[in-house]
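Below, each chain spelled out in residue letters.
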Amino acid sequence: MTIVPLDDTHHTAESHTHLDIIAVSDLNDIVHKGCLNDDVFLEDVLQAPWHSVETQSTVNEMVDTLNSLILSLFNKHAPVEKRVNKRRPGPWITQDILNLMAQRDTVYRKARRIGDAVTMDQYRRL
């Protein structure tokens, strides 16, 4: 078993620790959403038929061919995923509450990034 290397998940003014641990039998079996496998992507970029752009007779056809090649690479390595929100938020969550939640999350990210005790206290008060 191997522990998946993750960022710290629990933060206080004095420490940053791992509370969430994920163990797997093979790290290669993990699919990172939003992460691109650089080696495979580069290999496909190098193998793409870029010469087909130059063989087009007009600039518009060249642009269309180039766009098609680039989009096919992105669709293969970073496809757009359609997400369906299965549940509406509760009727008690107003725009004011959503704004406060966003403010809280912003302060938390800042406190985590700079490790400042004052900012962490401000986060706890929100």
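Structure: above.
Residues numbered from 1 in each chain as written. Predicted model: local features only at pLDDT ≥ 70, side-chain atom pairs only at ≥ 80, totals over all residues. Heavy atoms only, no water.

Colleague: Help me out: how do you make sense of the packing of aromatic side chains in this one?
Modeller: Geometry of an aromatic ring pair is reported as the spacing of the ring centres plus the angle between the planes. Evaluated as defined, the whole model comprises two aromatic pairs. Relative to Phe-74, the ring of Phe-41 lies with its centre 6.1 Å away and its plane at 20°, an arrangement referred to as stacked. Taken together, the residues span a long stretch of sequence, with Phe-41 in helix H1 (residues 38–47) and Phe-74 in helix H3 (residues 59–77) at a distance of 33 residues. Ring centres 4.8 Å apart and planes at 50° place the aromatic pair Tyr-108 and Tyr-123 in the tilted group. Remark: Tyr-123 occurs in helix H5 (residues 117–125) and Tyr-108 occurs in helix H4 (residues 95–114); sequence separation between them is 15 residues. Note on Tyr-108: relative accessible area 22%, which makes it partly exposed. Overall, the relative accessible area of 26% leaves Tyr-123 in the partly exposed class. (Phe/Tyr/Trp six-rings, centres within 6.5 Å; stacked < 30°, edge-to-face > 60°. Helix = DSSP H or I, 4+ residues; strand = E, 2+ residues; numbered from the N terminus. Buried < 20%, exposed > 50% of the residue type's maximum accessible area, 1.4 Å probe, protein only.)

Colleague: Explain the pattern of salt bridges here, please?
Modeller: Close approach of charged atoms allows side chains of opposite charge to pair. Here the structure, examined in full by the defined rule, presents three salt bridges. Linking Asp-44 and Lys-76 is a salt bridge whose minimum nitrogen-to-oxygen distance equals 2.8 Å. Here the residue Asp-44 occupies a position in helix H1, and Lys-76 occupies one in helix H3, the gap between them amounting to 32 residues. Taking the shortest distance from any N to any O, the salt bridge between Asp-121 and Arg-124 comes out at 3.2 Å. Of this pair, Asp-121 and Arg-124 both sit in helix H5, separated by three residues, roughly a single helical turn. Residue class for Arg-124 comes out partly exposed when judged on its relative accessible area of 46%. (Salt bridge = Lys/Arg side-chain N within 4 Å of Asp/Glu carboxyl O.)

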